[in-house]
Amino acid sequence: MESTVNEDEGTYWGRVKRTAAMLDMTKAFISDNQLENALSIVKRRREGDMTVTETQFQEAVRIKEAVIHPDTGQKILLPLRVSCIIPANMVLDCCMIQARTFGQTVLAQWLNQSYNACHYFANKNASNPQPDQQVMQAYFGATASSVLTAVGLNKLADRAKASWTFTPLLRKTIPFWAVAAADVLNLRTMRQDEIVHGVQIRQPDGHVVGVSQEAGNRAVWQCIAGRVFAAAPILLLPPMIMHRWEQRPLLLRRPWLHTPIMLGLVGLAIQVSVPLCFGLFKQTATVSVLHLEERFHHLKDNQGNPLMVSYNKGI
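Residues numbered from 1 in each chain as written. Predicted model: local features only at pLDDT ≥ 70, side-chain atom pairs only at ≥ 80, totals over all residues. Heavy atoms only, no water.

Asks: Talk me through empty space enclosed by the protein; I want residue IDs and the actual numbers.
Replies: Take a probe with the size of a water molecule and roll it over the atoms, and the empty space left behind shows itself. Within the structure shown, the criterion is met by 7 cavities of 30 Å³ or more. Taken as a whole, the largest cavity holds about 260 Å³ of empty space. What lines the largest cavity is a set of 19 residues, among which Asn89, Asn116, Arg227, Ala231 and Ile234 lie closest to the centre. Of all elements in the fold, only α4 (85-98), α5 (102-123), α7 (166-190), α9 (213-245) and α11 (258-278) reach the threshold of two or more residues within the lining of the largest cavity. Each residue belonging to the lining of the largest cavity can be placed in one class, and the counts come to 12 nonpolar, 4 polar and 3 charged. (1 Å grid on protein atoms, 1.4 Å probe; cavity = no way out; pocket = protein on both sides within 12 Å on 5 of 7 lines; lining within 4 Å. Points joined across faces, edges and corners; volume = space filled by probe spheres on them. Helix = DSSP H or I, 4+ residues; strand = E, 2+ residues; numbered from the N terminus. Nonpolar A, V, L, I, M, F, W, Y, C, P; charged D, E, K, R; others polar.)

Given below as structure tokens:
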């Protein structure tokens, strides 16, 4: 995947800016003509056409990364693109945060996990084919874990003494723990082939040198960490802020403001948290062959040093 000069994947802040650019909602609605033009610009620049300006190239790369899967080269379905994360999750996260009854909790967690499963599948590392049975196992397992976690923690909160000051705050944290539990199970199951069979690793020139299980394991756990870290401020800060605000005169007089304020807080948290947390790990990750299986240890670069190889981490 191409990186621009100002959004170099080699630096943390470069990755943060690159992820923020990928979250740009306007990129979700790129037309076919705009996409074809962007792909043409990227191709021409890579072939050495210097009539393409740096600004044109950077914008074309952003469009390509927002729409095209880095492994398959195919367009990602519109609702499942990274550029749709903010609007989709604003609604889903607010539903989970504001769920009160058993039915609301189950429905909100089911909707969230249904969207997440589709999103993970559409953006996963595509080096290995994935059986439909495995996809369904991951989906049902993640949905069950999130629902059981949310319902179970709600039951614990119901049994807690009403006088305990932490009980209302405990309820506010339930969506996060449910999502975290589901993220671990969902990604671990959905992408188990990457751990069992490995993912393609490439030389700096893009040539595939083999398939590594260790690289697949790294890819999956890096994605899990990024997802859980990103979910914490999104699902913890807005409800805690609202917990302090909801007893103030403004919201007591105008309770209808609660939902739009919550939507705004969640949207802001997503816009800030996702780039900061996803930037922790490179999308096109690099690793020394010395940290992979022994069969790759003999690979050297032109200076005789252990070769640095890359693999697609997935999202």
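Still more ground to cover, so stick around.
Asks: I'd like a rundown of the pairing of strand β1 (residues 199-202), residues and numbers included.
Replies: Sheet topology note: the β1/strand β2 (residues 208-212) ladder contains 4 bridges and is antiparallel. Within β2, the position partnered with Arg202 by the bridge is Val208. Remark: 5 residues form the turn of the hairpin made by β1 and β2, two consecutive strands paired antiparallel; Gly206 in that turn has positive phi of roughly 95°. (Pairing = 2+ DSSP bridges.)

Asks: Which residues make up α9, and what values go with them?
Replies: With 33 residues, α9 ought to run about 48 Å at 1.5 Å a step, and its terminal C-alpha atoms sit 49 Å apart, in line with that. Of all the bends in α9, the greatest reaches close to 25° and is centred on Ala231; the proline Pro233 follows between one and four positions later. The opening residue of α9 is Ser212, an N-cap whose side-chain oxygen sits 3.3 Å from the backbone nitrogen of Glu214. (Expected span 1.5 Å × (residues − 1). Bend = angle between axes of the 7 residues up to and from the residue. Polar contact = N/O pair within 3.5 Å; in protein donor to acceptor, adjacent residues only side chain to side chain.)

Asks: An account of the side chain of Ser273 is requested, with residue identities and associated values reported.
Replies: Structurally, Ser273 is set in helix α11. With residues near it in sequence (within four places) discarded, Ser273 still touches Phe229, Ala230, Pro233 and Ile234. (Contact = heavy atoms within 4.5 Å.)

Shape descriptors only; they carry no functional weight alone.
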